[in-house]
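# Fold and geometry: a report
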Amino acid sequence: MCGRFGFFELSHFIEQLRQLELPFDEAPGFGYRQSWNITPGNAVVTLFGDHGRYRLGMTRWGLIPHWSKEMLKNRPINARAESLAVKPFFRHMLNRRHGIVPASGFYEWKPAGEKGKEPWYIRRRDDRPMGLAALWDEWQPPGPPSPPLRTCTIVTTGANREMKPVHDRMPVILEEEEWAAWLDSSNRDATRLLDPADEKVLDLWPVSTRVNNPRNDDPHCIERVAESTS
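Quick caveat, the model's predicted, so the values are computed rather than measured.

Reading the values: the criteria
- Residues numbered from 1 in each chain as written.
- Predicted model: local features only at pLDDT ≥ 70, side-chain atom pairs only at ≥ 80, totals over all residues.
- Heavy atoms only, no water.
- Helix = DSSP H or I, 4+ residues; strand = E, 2+ residues; numbered from the N terminus.
- Buried < 20%, exposed > 50% of the residue type's maximum accessible area, 1.4 Å probe, protein only.
- Polar contact = N/O pair within 3.5 Å; in protein donor to acceptor, adjacent residues only side chain to side chain.
- Pairing = 2+ DSSP bridges.
- Axes fitted to C-alpha atoms, helices over the stretch in contact; angles between N-to-C directions.
- Phe/Tyr/Trp six-rings, centres within 6.5 Å; stacked < 30°, edge-to-face > 60°.

Attention now goes to the side chain of Ser 68. With respect to the element layout, Ser 68 can be found in the loop between strand E5 (53–61) and strand E6 (78–80). Look at Ser 68 and you get buried, because its relative accessible area is 10%. A polar contact is formed between the side chain of Ser 68 and the backbone oxygen of Glu 70, at a distance of 2.7 Å.

This is the structure we're talking about:
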């Protein structure tokens, strides 16, 4: 799964979009800030695709489907790629509402014997921002008229060989040449893109447990520490 990540490279991500010739508009109220410790429920940068047009905006991380009658207590932050087409919670967004959530890297927790779990930070080896496959929806809160709430979930898949010692799942990290194909929600072959990252794409290392506290949000969160030997 992917339950925590960081994004602090918006200018680099925008440059990637320009290089890929993916012109975009900024959604009203776009309000990015650097973060090294993004937690579920936070607003996250999201690139939306709409029939060849792209928009950069914000969503809340944790999905509320449009058909929900109330604010859900359990809002899925992840959706398994293997079951998107059959799970009622997600299938209405497949081939309808695709997005990309940019990330500088993500965290996962590795079992560490008596010490419990040890946090690791995972990033691209080429140090470019990741494009995580996501689904999004728009939910209208009940009661007096109010703006709709956009929420998202990050798609996950089985871990590649590099990730397996840390965790058996990982977010779908789309290669740059796959971004346009995933954002084209009419692309019936888009699910073929939802596979583990190639070998030698990622770099990963242990970090301190200070990332466990959401109030800690600074570059120290991703600093390498010695791996536990217990």
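Looking now at the pairing of strand E8 (residues 105–111). For E8, a buried count of six out of seven residues is recorded, marking the element as mostly surrounded by other parts of the structure. Two elements, strand E1 (residues 5–7) and E8, share two bridges in a ladder whose sense is antiparallel. The residue of E8 that forms the bridge with Gly 6 is Gly 105. Sheet analysis places E8 next to strand E9 (residues 117–124), joined by six bridges and oriented antiparallel. Across the sheet, the residue bridging to Pro 111 is Lys 117, located in E9.

Before going further, it helps to spend a moment on the sheet that holds strand E14 (residues 202–206). In space, the five strands of this open sheet follow the order E3-E1-E8-E9-E14, with antiparallel pairing throughout. At either end of the open sheet lies a strand with only one pairing partner, and these are strand E3 (35–38) and E14. Taking each pair of neighbouring strands and ignoring which way they run, the sheet shows an average axis angle of 25°. Two strands pair when backbone bridges link them, and E1 and E3 are joined in this way by two bridges, in the antiparallel orientation. Within E3, the residue paired with Phe 5 across the bridge is Ile 38.

Take the packing of aromatic side chains next. Counted under the stated rule, the structure contains 11 aromatic pairs. For the ring pair Phe 13 and Trp 179, a centre distance of 5.5 Å and an interplane angle of 45° mean the geometry is tilted. Pair noted here: Phe 13 is in helix H1 (residues 10–19) and Trp 179 is in helix H3 (residues 179–183), with a separation of 166 residues, a long-range link. This pair shows no difference in class: Phe 13 is buried, exactly as Trp 179 is. An angle of 50° between the planes, with centres 5.2 Å apart, marks the rings of Tyr 107 and Tyr 121 as tilted. Of the two residues, Tyr 107 is situated in strand E8 and Tyr 121 in strand E9; the sequence distance between them amounts to 14 residues. Per residue, the accessibility class of Tyr 107 equals that of Tyr 121, and both read buried.

Our focus in this paragraph is the pairing of strand E10 (residues 130–139). Of all 10 residues making up E10, nine are buried, and the element is well covered by its neighbours. Sheet analysis places strand E7 (residues 98–103) next to E10, joined by six bridges and oriented antiparallel. Note that in E10 the partner of Ala 103 across the bridge is Met 130. Taken together, the two bridges between E10 and strand E13 (residues 173–174) define a ladder with antiparallel strand orientation. Across the sheet, Gly 131 pairs through a bridge with Leu 174, a residue of E13.

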